[in-house]
Amino acid sequence: MTGPDTPTSFKLAYVPGVTPSKWVRIWAERSPDVPLDLVQTTAAEAAALVRDREVDAVLLRLPIDREGLHAIPLYTETTVVVVPKDHLVAAADEVSVDDIADDVVLHPLDDTLDWERPPGKPALERPATTADAIELVAAGVGLLVVPQSLARLHHRRDLTYRAISGTPESGVALSWPDDETSDLMEQFIGIVRGRTVNSTRGRQQVQEKPEKKTPEKKTPAKGNRPQAGGRKPPPGRRGAPKGGKRGKPPRRG
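Residues numbered from 1 in each chain as written. Predicted model: local features only at pLDDT ≥ 70, side-chain atom pairs only at ≥ 80, totals over all residues. Heavy atoms only, no water.

## What about the packing of helix α1 (residues 21-30) against helix α5 (residues 183-192)?
What counts, and what does not: Axes, fitted as lines to C-alpha atoms, cover a helix only where it is in contact. Angles between the N-to-C directions of the axes lie from 0 to 180 degrees. Helix numbering and strand numbering both begin at the N terminus, where a helix is a DSSP run of H or I of at least 4 residues and a strand a DSSP run of E of at least 2. Any angle that falls under 35 degrees is termed roughly parallel, while one over 145 is termed roughly antiparallel, one within 65 to 115 roughly perpendicular, and all others oblique. By convention, the crossing between two helices is left-handed when the near helix turns anticlockwise from the far helix through less than a right angle, and right-handed when the turn is clockwise. Here a residue-residue contact requires only that any non-hydrogen atoms of the pair lie within 4.5 Å. Three categories are distinguished: nonpolar for Ala, Val, Leu, Ile, Met, Phe, Trp, Tyr, Cys and Pro, charged for Asp, Glu, Lys and Arg, and polar for the others, with Gly belonging to the last.
Between α1 and α5, the least distance of the axes is 10 Å, while the angle of their chain directions is 125°. Of the possible angle classes, the one that applies to α1 and α5 is oblique. Every pair of crossing elements has a handedness; the one defined by α1 and α5 is right-handed. For the pair α1 and α5, contact is made by W23, I26, W27 and R30 and by L184, Q187, F188, I191 and V192, respectively. Grouping the constituent residues of the contact of α1 with α5 by class yields seven nonpolar, one polar and one charged.

Below, the structure written as structure tokens:
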């Protein structure tokens, strides 16, 4: 992919909690001449960023307004509840929404889960961001339900988290404009889908390795072929008389 019309770089945006490092490393191995530029964005601005062509593609959280956009779902995250380490929930391996029904559960304005309101009791005010909500959990104001990657992103020593059932799950997807799928875009799609470098899918074709030929077995020459009917007589036995064995040598007196 070289020439005057080849883009000088590929811009990829991603939302908090999503880690594209593995795909970036594979890109660098396969296309060292085309830098992959990473752009951090918020969950609220992610779709608009790619729709306005400010980036080539974006890793975002579902659901989104798909008008004008392609979206390939990549994986679904586990939902967890973030609590202080001395909270009763910390003693369990997994909890349900019923276990936090009597707790105040914070609902930040940048919440990424698809629900009108979380379980438990509502707080008096909604925190502006997930980071603000984490600070309130540490202060003992309430609990927070988020995708697991966000709990890891905002990790604190005085907090922990547990998987929680009965809540929505967050799906992560790759999105780009639906009227433009460039060669570079096809290449990145192949990377996130796990295609090998020799895959023939997409616009960029990779030359296949020549097929190895099995060497032909040589037929022995006519004079070297083994004689039919058995083995050759061992050395020293060729002069034996026909019809019997050799006589014993005379004894010396």
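## A look at the pairing of strand β9 (residues 143-147)
To keep things clear, this is the line we draw: Burial classes: relative accessible area under 20% of the type maximum marks a residue as buried, over 50% as exposed, and values in between as partly exposed (1.4 Å probe, protein chains only). Two strands are counted as paired when DSSP detects at least two bridges linking them.
Taking burial as the measure, the five residues of β9 include five buried ones, the bulk of the element. In this structure, strand β5 (residues 79-84) lies alongside β9, joined through four bridges in antiparallel fashion. Bridge pairing in β9 places T79 opposite P147.

## Remarks on α5
Where burial is concerned, most of α5 is hidden: eight out of the 10 residues are buried. By the burial criterion, the buried members of α5 are L184, M185, Q187, F188, I189, G190, I191 and V192. The inward-facing, buried residues of α5 contact β1 (10-14), α1, β2 (36-40), β3 (57-62), β4 (69-76) and β11 (171-177). Of the residues flanking the end of α5, it is G194, one or two places downstream, whose phi is positive at about 80°.

## Quick word on the sheet that holds β2
The strand order across the open sheet formed by five strands is β2-β1-β3-β11-β4, and the pairing between neighbours is mixed. Every other strand in the sheet has two partners, leaving β2 and β4 as the edge strands with one partner each. In this sheet, neighbouring strand axes are inclined to one another by 25° on average, regardless of whether the strands run parallel or antiparallel. Alignment of β3 against β11, held across five bridges, turns out to be antiparallel. Among the inter-strand pairings, L62 is bridged to a residue of β11, identified as G171. Its contacts with the sheet place α1 against β1, β2, β3 and β4, and it is angled at close to 160° to β2.

## Details of the packing of aromatic side chains
The test is simple: Each Phe, Tyr or Trp ring, with Trp reduced to its six-membered ring, pairs with another whose centre is within 6.5 Å; inter-plane angles below 30 degrees give stacked pairs, above 60 give edge-to-face pairs, and intermediate values give tilted ones.
For the coordinates displayed, the defined rule picks out three aromatic pairs. Look at F10 and W27: their rings are 5.1 Å apart centre to centre, the planes differ by 25°, and that puts the pair in the stacked class. With F10 in strand β1 and W27 in helix α1, the pair connects residues that are 17 residues apart, well separated along the chain. Exposure class is identical for F10 and W27. Each is buried. A network of ring pairs unites the aromatic residues F10, W27 and F188 as a single cluster.

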